[in-house]
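So you can see what is in the structure, the chains are spelled out below.
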Amino acid sequence: MATPDWSAIESLPRTPLKDLFAADPNRLASLSADVAGIHFDFSKTHLDAAALDAFTALAKATDLTAKRDALFAGEAVNVTEGRAAEHTAERGEGAEDSVARAAAYHARMRGLIDAIEAEALGPVRHILHIGIGGSALGPELLIDALGRDMDRYDVAIVSNIDGCALEEAIDAFDPHATLIAIASKTFTTTETLLNATSALDWMREHGVEDPYGRVIALTAAPDKAVEWGVDETRILPFGESVGGRYSLWSSIGFPAAIALGWDAFEAMLDGAAEMDRHFRLTDLRSNAPVLAAFADLYYTQNRGCQTRGVFAYDERLRLLPSYLQQLEMESNGKSVTADGQPVGRATAPITWGGVGTDAQHAVFQLLHQGTHLIPLEFLAVIEGGDTLAEDHHRALLLNCFAQGAALMAGRANDDPARAYAGDRPSMTLLLDELDPRTLGALIAFYEHRTFVSAALLGINPFDQFGVELGKQMAKAAEAGGQDFDPSTDDLIRRAFA
């Protein structure tokens with residue numbers, strides 16, 4: 001694969017944001033988009049006509065549109081593992097056979113949820129969902145964002161192998177009214193299966209006669225789940241071509257579907273499908289995920305930015321930065337291209353963030369006056385999620401908007417300690433309301449944005465071999481067959497002597 005020419009992007013002039021606005025009265029219109037109840041404002045980034053020309057040329061040179069078509073066609077875009085990446089098929093956008101299979105699996109999940117609601121598995125008041133990584137982050141985000149007023153079931157999502165996490169969850173549950181959902185794509189995940197075994201032990205200790213009868217498996221390896229002891233009728237499969245961090249649309253979303261209700265789950269799929277169609281059919285220069293990826297790559301390749309901050313000015317989206325850390329850094333935290341050659345340039349920035357207005361009193365000092373240039377992303381929702389006086393939500397929104405304005409404008413002062421340099425970039429995503437449709441569209445936007453960055457860099461965003469080495473060494477250490485460095489040997493001796 002020929003190495004694309006980034007020189008036009010690397011040599012773009014660094015025109016200040018205020019000058020970009022002054023030079024183009026149509027800047028706001030040309031650098032914004034409205035999709036599925038979300039307004040995207042990219043005008044406070046340093047993208048301009050020259051940058052868009054350079055990135056559009058790069059997109060052509062790297063066959064972005066062909067790669068996008070291959071993604072939706074169900075082709076083997078995950079080249080290192082020789083398979084497709086068919087998360088879009090879960091929401092009805094993809095290869096015909098894959099869409100039909102996903103629909104059948106969704107119907108199976110809905111049937112089991114109907115049976116649970118009818119108490120075919122006995123009385124259920126609590127759902128203990130056990131998974132890790134993509135098997136936990138997505139469902140937890142959905143339930144925390146949309147389920148704060150739910151009264152259908154109590155849901156606890158346990159991912160950490162630290163026993164304190166599991167104990168905290170089960171201490172609040174009645175074991176005789178608890179259903180355990182074990183989420184693991186391969187059904188071999190060490191942390192998940194250890195937590196699941198301990199949860200079954202807890203049930204036995206409290207007199208539950210058939211703990212396995214209260215277990216549901218969410219997996220792409222149903223045979224492994226059967227071997228582990230789960231009855232075939234309580235296994236909810238999903239396709240091997242659905243990656244773990246892209247899997248909340250599949251049966252991995254079971255805890256959200258049962259806690260929020262099936263209508264909410266379907267609305268989330270529909271919102272994501274709206275974003276899929278926008279990404280697939282819209283011209284690159286008007287395409288929200290594409291423009292966001294162009295901005296991301298401008299800052300890594302032209303400005304040398306190593307991090308990107310995401311700040312949700314809505315408490316219901318407090319888990320979004322954590323979700324994006326896995327999506328973006330596990331997908332694009334690579335150093336080789338899809339054909340195994342060194343990338344030779346920066347790939348994924350470090351994603352981090354927090355919740356406004358708390359973050360303003362913690363990290364914004366560095367963002368406004370520090371020496372690092374950090375592109376920021378603000379998320380806000382027009383319709384608040386509380387029932388208090390309007391003053392709360394009005395102040396929240398105004399703080400969000402003012403931060404973006406202050407970062408860009410800056411302020412001169414004769415006292416250097418009170419001076420703000422300005423010209424610090426941000427983009428803003430403004431949701432009409434936070435509901436299943438808009439949240440589904442928002443998550444799909446981030447998926448496609450990540451894909452575009454990978455396509456332009458020539459890397460494969462769908463494998464994650466980097467997570468394996470440390471886990472393999474931990475297993476070897478448990479078995480007593482791993483030689484470590486003197487420091488690690490000493491730590492093990494101190495902990496287990």
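Coordinates for the structure precede this section.
An account of the accompanying structure is given in this report. (Residues numbered from 1 in each chain as written. Predicted model: local features only at pLDDT ≥ 70, side-chain atom pairs only at ≥ 80, totals over all residues. Heavy atoms only, no water.)

Taken in spatial order, the six strands make up an open sheet running β1-β2-β11-β10-β8-β9, and their pairing is mixed. Either end of the sheet is taken by a strand with one partner, and the two such strands are β1 (32-35) and β9 (350-355). Taking each pair of neighbouring strands and ignoring which way they run, the sheet shows an average axis angle of 15°. Of the pairings in the sheet, the one linking β1 to strand β2 (residues 38-41) comprises four bridges and is antiparallel in character. Each residue of the ladder has a partner; that of D34, found in β2, is H39. (Pairing = 2+ DSSP bridges. Helix = DSSP H or I, 4+ residues; strand = E, 2+ residues; numbered from the N terminus. Axes fitted to C-alpha atoms, helices over the stretch in contact; angles between N-to-C directions.)

Right, let's talk about the sheet that holds strand β4 (residues 154-158) for a bit. Pairing is parallel in the open sheet, where five strands are placed in the order β4-β3-β5-β6-β7. The two strands at the open ends of the sheet, each matched to only one other strand, are β4 and β7 (235-237). Looking at each pair of strands side by side, their axes are set apart by 15° on average, direction ignored. Looking at chain direction, strand β6 (residues 215-219) and β7 are connected through three bridges and run parallel. In the sheet register, A217 faces β7, and the bridge partner there is I235. Contacts between helix α6 (residues 96-117) and the sheet are confined to β5 (178-183), β6 and β7, with β7 contributing the most and set at about 155° to the helix. (Contact = heavy atoms within 4.5 Å.)

With the rule as written, the count across this model stands at zero disulfides. Summary of cysteine pairing: C305 is not part of a disulfide, and the nearest cysteine sulfur, belonging to C400, is at 20 Å. (Disulfide = S-S within 2.5 Å.)

In this section: the packing of helix α12 (residues 262-281) against helix α17 (residues 436-457). Packing of α12 against α17 brings their axes to within 7 Å, and their N-to-C directions diverge by 40°. Between α12 and α17, the angle is such that the two are oblique. Where α12 crosses over α17, the handedness of that crossing is right-handed. For the pair formed by α12 and α17, the contact residues are A264, A267, M268, G271, A272, E274, M275, D276 and F279 on the first element and P436, R437, G440, A441, A444, F445, H448, F451 and V452 on the second. Its residues assigned to classes, the contact of α12 with α17 comprises twelve nonpolar, three polar and three charged. (Parallel < 35°, antiparallel > 145°, perpendicular 65-115°, else oblique. Left-handed = near helix turned anticlockwise from the far one by under 90°. Nonpolar A, V, L, I, M, F, W, Y, C, P; charged D, E, K, R; others polar.)

Taking 1.5 Å of rise per residue, the 22 residues of α6 would be expected to cover 32 Å, and the 31 Å separating its terminal C-alpha atoms lies within 8% of that figure. Among the residues of α6, S98, A102, H106, M109, L112, I113 and I116 are the ones counted as buried. Looking straight down α6, one finds its buried side chains confined to an arc of 120°; they lie on one side. The exposed set on the far side of α6, more than 90 degrees from its buried face, consists of E96, D97 and A107. Tucked into the core, α6 has its buried residues touching β5, β6, β7, α11 (254-260) and α12. Backbone geometry just downstream of α6 places E119 in the positive-phi region, at approximately 65°. (Expected span 1.5 Å × (residues − 1). Buried < 20%, exposed > 50% of the residue type's maximum accessible area, 1.4 Å probe, protein only. Arc of directions from axis to C-beta.)

Okay, unusual backbone geometry next. Residue T357 is bonded to the preceding G356 through a cis peptide linkage, with omega at 10°. Mapping T357 onto the fold places it in the loop between β9 and α15 (364-369). Unusually for a residue other than glycine, A36 sits at a positive phi of about 50°. Inspection of the secondary structure puts A36 in the loop between β1 and β2. Assessed through its relative accessible area of 8%, A36 is described here as buried. A positive phi angle, near 60°, is found at D423, a position not held by glycine. Checked against the element boundaries, D423 lands in the loop between α16 (390-409) and β11 (426-431).

Examined against the element boundaries, H87 turns out to sit in the loop between α5 (64-73) and α6. The class of H87 is buried, set by a relative accessible area of 3%. Each residue touching H87, except ones within four places of it in the same chain, is listed here: L71, V242, Y246, W249, E447 and F462.

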